[in-house]
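# Commentary on secondary and tertiary structure
The residues making up each chain are set out below.
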Amino acid sequence: MSEPNLKDIGPDKSLLLVDDDEPFLKRLAKAMEKRGFEVETAGSVVAGSAIATARPPAYAVVDLRLEDGNGLDVVEILQSKREDCRVVVLTGYGAIATAVAAVKIGATDYLSKPADAQDITNALLTAEGELPPPPENPMSADRVRWEHIQRVYELCDRNVSETARRLNMHRRTLQRILAKRSPR
């Protein structure tokens, strides 16, 4: 699929981005503005909910796990305020149960991080009933594993012993993995 042009977006180009990862949020906002969206950002459930209530957008990209709560709360508000809002839920903690929950409450699509701006745009602009094209550069299995280990490590406040316990692996094995560079 070629990069969508402005006429594909429609007359209302408003896009709400909700993510607590500030560098990612800024990069994604710039990339989406270049694609023709009028972007508004929020770094928390509270801020995202306030924007969704005051100015419900035509499109939204919401991170599932935010510091102050669950991004699905923002999705529910968006759907109650504007039923035609196309919402993509992003998460670094991909699980079938959360994907099903997101779609049940009205999300258009569910993408695992790291998703690039083109994948997100394709998901937002895909016609009703059609499937977006698969990603052109999917992550390797080694990269997915490494990303998962890094996430758990950060959730455990960079505590190697606790991370190893949660991942059910030997602490030395985890230390060797953490000492290596990320796979491509």
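Shown above is the structure to which this text applies.
Description of the structure in this document.

So, about the pairing of strand S2 (residues 38-42). Bridging between strand S1 (residues 14-18) and S2 involves five bridges; their strand directions are parallel. Each residue of the ladder has a partner; that of Ser14, found in S2, is Glu38. Between the parallel elements S1 and S2, the chain passes through helix H2 (residues 22-34) in a crossover that is right-handed.

Here we come to the packing of aromatic side chains. With the rule as written, the count across this model stands at one aromatic pair. Residues Phe37 and Tyr59 carry aromatic rings whose centres are separated by 5.3 Å and whose planes lie at 85 degrees to one another, so their mutual orientation is edge-to-face. Note that Phe37 is positioned in the loop between H2 and S2 and Tyr59 in strand S3 (residues 59-63), a separation of 22 residues in sequence. Each member of the pair, Phe37 as well as Tyr59, carries the same accessibility label: buried.

With that out of the way, let us pick up the sheet that holds S3. Taken in spatial order, the five strands line up as S2-S1-S3-S6-S7 in an open sheet, and their pairing is parallel. Both edges of this open sheet fall to S2 and strand S7 (109-112), since each of them pairs with a single strand only. Looking at each pair of strands side by side, their axes are set apart by 20 degrees on average, direction ignored. Of the strand pairs in this sheet, S3 and strand S6 (residues 86-91) are connected by five bridges, and their pairing is parallel. Note on S6: the bridge partner recorded for Val61 is Val88.

Basis of the calculations
- Residues numbered from 1 in each chain as written.
- Predicted model: local features only at pLDDT ≥ 70, side-chain atom pairs only at ≥ 80, totals over all residues.
- Heavy atoms only, no water.
- Pairing = 2+ DSSP bridges.
- Helix = DSSP H or I, 4+ residues; strand = E, 2+ residues; numbered from the N terminus.
- Right-handed = clockwise from strand over helix to strand, strands pointing away.
- Phe/Tyr/Trp six-rings, centres within 6.5 Å; stacked < 30°, edge-to-face > 60°.
- Buried < 20%, exposed > 50% of the residue type's maximum accessible area, 1.4 Å probe, protein only.
- Axes fitted to C-alpha atoms, helices over the stretch in contact; angles between N-to-C directions.

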